[in-house]
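# Residue-level structural notes
For reference, the chains in residue letters:
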Amino acid sequence: MVYQESETVELKSVVVDDIRKEIIAFANCEGGKLYIGVQDDGTVVGLDDPDGAALQVSNIVRDAIKPDLTMFVRYETLNENGKQIVAIDVQQGTERPYYIAKKGMRPEGVFVRQGYSSVPATSTAIRRMIKETDGDYFEEMRSLEQDLTFKAAEQEFSARNILFGEAQMKTLGIMTHDGVYTNLGLLLSDQCVHTIKAAVFQGTTQNEFRDRKEFSGSLFRQMEEVYDYIDFRNQTHSSFQKLRRIDQRDYPETAVREALLNLLVHREYSFRTSTFISLYADRMELTSIGGLISGVTLKDIMMGISVCRNVKLANVFYRLELIEAHGTGILKIMTMFLRSSSQI
């Protein structure tokens, strides 16, 4: 048999650590075969201990590559002119992207075949593999970032006497059953990449800024800090009905709370654009990317019909008693403003 490297064939004279890159690249692409005991030029040098070489590779696949790839790798000892080599057949895996366990789902840990070589995958290619494997539901996809902490989330759960350990994370969808953080986990983590930008303007246009600030971190942290930012600027006005003084704020606190929670829960997080909150002299505007879900109209919303974009995120907020039920937020906001105007 003639051995020659190609997009689906890799030759190695001995087992080396870099062999994991080749196996990962084959599993992430169309599969391929790795021959050990054959030099790059196709010369068969053979192995003194083919069983030991196969065991070495098996240990690398089991310990150094994630997710579990063992069921997609087959080993066979071949005899070529009295010399023994090991043929390793790697099939395309079903849980792509596969990566070096210590480096994670980043370009330095994920490899693909490019010509006769195994090269680092681009971030775009990694996201595409995740989408193909996990489906098109953003919050359920595996997060590219796995070095996550949850201090803000732990405080939020603890304040309501709700456990927040690994078992709860898996149940809520923050983590997969294999211990990999999802995009929902990223949103609730202290490393959340999505932000809210708030600005206060002098008049009724954006001609003159009075103040501006960007809020980052866990959605829980953003929720608290943005509410405080708005609440500080939500002025209280007093009026009198005979001897009774009536205090009234620019915006009812319940309406602000519902609008902010709606902003967080229903945002389209597959885009990195920031959410905007603008406070003018006569109004407050909250702008979130995503718009209405296909098939849902403004009339539906006014009737209390709701289709949740981020079901698992909404479930977390529901368990924490931050939201009550889908479809009530807009009606609450309208009710509070009608009640507020009737008191003037």
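Residues numbered from 1 in each chain as written. Predicted model: local features only at pLDDT ≥ 70, side-chain atom pairs only at ≥ 80, totals over all residues. Heavy atoms only, no water.

Quick look at the sheet that holds strand E10 (residues 209-215) now. An order of E10-E9-E13-E14 is seen for the four strands of this open sheet, with the pairing classed as mixed. Only two strands of the sheet have a single partner each, and these edge strands are E10 and strand E14 (284-287). Direction aside, the axes of adjacent strands within the sheet are offset by 10 degrees on average. Bridge count for strand E9 (residues 196-201) against E10 is six bridges, and the pairing is antiparallel. Of the residues in E10, the one forming a bridge with Phe201 is Phe209. Docked against the sheet, helix H8 (residues 253-265) engages E9, strand E13 (275-279) and E14, running at close to 20 degrees with respect to E14. (Pairing = 2+ DSSP bridges. Helix = DSSP H or I, 4+ residues; strand = E, 2+ residues; numbered from the N terminus. Axes fitted to C-alpha atoms, helices over the stretch in contact; angles between N-to-C directions. Contact = heavy atoms within 4.5 Å.)

Bringing the side chain of Ser118 into the picture now. Mapped onto the elements of the fold, Ser118 is located in strand E8 (residues 117-120). One polar contact links Ser118 to Glu22, side chain to side chain, over a distance of 2.6 Å. Within the structure, Ser118 has its side chain in polar contact with the side chain of Arg113 (distance 3.0 Å). Discounting residues that sit within four places of it in the chain, Ser118 has contacts with Lys21, Glu22, Ala25, Phe111, Val112 and Arg113. (Polar contact = N/O pair within 3.5 Å; in protein donor to acceptor, adjacent residues only side chain to side chain.)

Attention now goes to the environment of Val9. Looking at the element boundaries, Val9 is found in strand E1 (residues 9-12). The sequence separation of Val9 and Leu34 amounts to 25 residues, and the corresponding C-alpha distance is 5.9 Å. Setting aside residues no more than four positions away along its own chain, Val9 makes contact with Gln4, Phe26, Lys33, Tyr35 and Arg113.

With that settled, the discussion passes to the sheet that holds strand E5 (residues 83-90). Read from one edge of the open sheet, four strands run E1-E2-E5-E4, paired in mixed fashion. Each edge of the open sheet carries a strand with a single partner, namely E1 and strand E4 (73-80). Averaged over neighbouring strand pairs, the angle between their axes works out to 20 degrees when direction is ignored. Note that E1 and strand E2 (residues 32-36) share four bridges and pair parallel. Following the sheet pairing, Val9 is matched in E2 by Lys33. Seen against the sheet, helix H1 (residues 19-28) touches E1, E2 and E5 and runs at an angle of roughly 160 degrees to E2. Each of E2, E4 and E5 is contacted by helix H2 (residues 50-64), which is oriented at about 160 degrees to E4, the strand it contacts most.

Right, let's talk about unusual backbone geometry for a bit. Residues apart from glycine generally show negative phi values, whereas peptide bonds are mostly found in trans. The omega angle of the peptide bond from Lys66 to Pro67 is -15 degrees, so this bond is cis rather than trans. Note on placement: Pro67 falls in the loop between strand E3 (65-66) and E4. A cis amide bond links Arg96 with the next residue in sequence, Pro97, at an omega value of 5 degrees. The phi torsion at Asn81 lies on the positive side, around 55 degrees, for a residue other than glycine. Within the secondary structure, Asn81 sits in the loop between E4 and E5.

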